[in-house]
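Report on the structure
These are the residues of each chain, in order.
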Amino acid sequence: MLLIGVNRSPYTRRVAITLRAYGVAYEQSDLNGFGHRAEVRAANPLGRIPALVLDGGETLIDSGAIVDHLDETHGGERPLTPRAGADRRAVLKIAALVMGACDKGLQGAYHRNHVPKERQHQPWIDDCWEQMARALVAVDAMIDPAQPWLLLGRLTQADICAFVAERLARVGLGIDTGQRMPRLHALCARMLDQQPFRTTEP
Ligand SMILES: N[C@@H](CCC(=O)N[C@@H](CS)C(=O)NCC(=O)O)C(=O)O
């Protein structure tokens, strides 16, 4: 299996952590959508990372679709996203909140990084990042600091998604997560001690 993308991307890291949590062997090609346009577009016509090339040659795209496949093939009785019911809805809701937060965070960053300075509109960037921050604050409020994980007393896709979003906010965008979402900040710091998180650190 070949994972295409750099772990600096929250979407790629989400897949990398999921692969490691399931103990799946894989190789990784450290490409990004802007620096390696031709190679990334060859794997994904949309030009985005991550893509996952399966051993049979089929290529999957989009982190949500990729982790869905990994749940199906490696999740057994306890997939990282529960198969049905209230537990599944709860995990998917947090995943949607925080991966949507990544989308908003990157929307602001792309504007800052790709629009000429004189045409940049700072209120738009601020609004994107505020939307991201509010989603993370909402997840912060769901965290019980006495519990090792966000939900269900075990690692789920909610934790993995929250982890990559918190890192993007803190390291990528300079949002003070320790101050604005202290429980999430602490939970993610604890997760970093776990093998799937530690070994995928960019
Ligand atoms: N919904 C996609 C988003 C992927 C995405 O936006 N990846 C970024 C890297 S962090 C990218 O490749 N951006 C290049 C572009 O949009 O042109 C997913 O979950 O995989």
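What comes next is a walk through the structure. Everything numeric in this text was worked out from a predicted model, so none of it was measured. (Residues numbered from 1 in each chain as written. Predicted model: local features only at pLDDT ≥ 70, side-chain atom pairs only at ≥ 80, totals over all residues. Heavy atoms only, no water.)

What follows covers the sheet that holds strand 2 (residues 27–29). Strands sit in the order 2-1-3-4 across an open sheet of four strands; the sheet is mixed. Two strands close off the open sheet at either side, each with one partner strand: strand 2 and strand 4 (59–61). For this sheet the average axis-to-axis angle between neighbouring strands, irrespective of direction, equals 20°. Note that strand 1 (residues 2–4) and strand 3 (residues 51–53) share three bridges and pair antiparallel. Looking at strand 3, one finds that leucine 2 is bridged to valine 53. Sitting on the sheet, helix 1 (residues 10–21) is in contact with strand 1, strand 2 and strand 3, with an inclination near 160° to strand 1. Running over the sheet, helix 3 (residues 63–74) touches strand 3 and strand 4 and is turned about 125° from strand 4. (Pairing = 2+ DSSP bridges. Helix = DSSP H or I, 4+ residues; strand = E, 2+ residues; numbered from the N terminus. Axes fitted to C-alpha atoms, helices over the stretch in contact; angles between N-to-C directions. Contact = heavy atoms within 4.5 Å.)

On to the nonpolar core, then. By size, the foremost hydrophobic cluster in this structure holds 56 residues, and its most contacted members are Leu19, Leu52, Met132, Leu136, Leu150 and Phe197. Here this core gathers at least three residues from each of two domains, domain 1 (2–74) and domain 2 (85–198). Ile4, Val6, Val40 and Val53 belong to the second-largest nonpolar core, a separate cluster that totals eight residues. (Core = buried A, V, L, I, M, F, W, Y, C linked by side-chain atoms within 4.5 Å. Buried < 20%, exposed > 50% of the residue type's maximum accessible area, 1.4 Å probe, protein only. Domains from an automatic or database assignment.)

Looking now at helix 3. Along its twelve residues, helix 3 runs 16 Å from first to last C-alpha, staying within 8% of the 16 Å computed at 1.5 Å per residue. Looking only at helix 3, the buried set comprises Ser63, Ile66, Val67, His69, Leu70 and Asp71. Tucked into the core, helix 3 has its buried residues touching helix 1, strand 3, strand 4, helix 4 (85–114) and helix 6 (157–172). A distance of 3.1 Å separates the backbone nitrogen of glycine 64 from a side-chain oxygen at the start of helix 3, and that oxygen is part of aspartate 62. Just downstream of helix 3, glycine 76 is the residue with a positive phi angle, here 50°. (Expected span 1.5 Å × (residues − 1). Polar contact = N/O pair within 3.5 Å; in protein donor to acceptor, adjacent residues only side chain to side chain.)

Around the ligand, the neighbouring residues are Ser9, Tyr11, Phe34, Gly47, Arg48, Ile49, Pro50, Asp62, Ser63, Leu106 and Tyr110. The separation between a nitrogen atom of the ligand and a polar side-chain atom of aspartate 62 is 3.0 Å. A distance of 3.0 Å separates a nitrogen atom of the ligand from a polar side-chain atom of tyrosine 110. Against a free-state accessible area of 510 Å², the protein chains account for coverage of 82% of the ligand. Residue classes in the shell around the ligand are distributed as six nonpolar, three polar and two charged. (Near = heavy atom within 4 Å. Areas by Shrake-Rupley, 256 points an atom, 1.4 Å probe, with all protein chains shown as cover. Nonpolar A, V, L, I, M, F, W, Y, C, P; charged D, E, K, R; others polar.)

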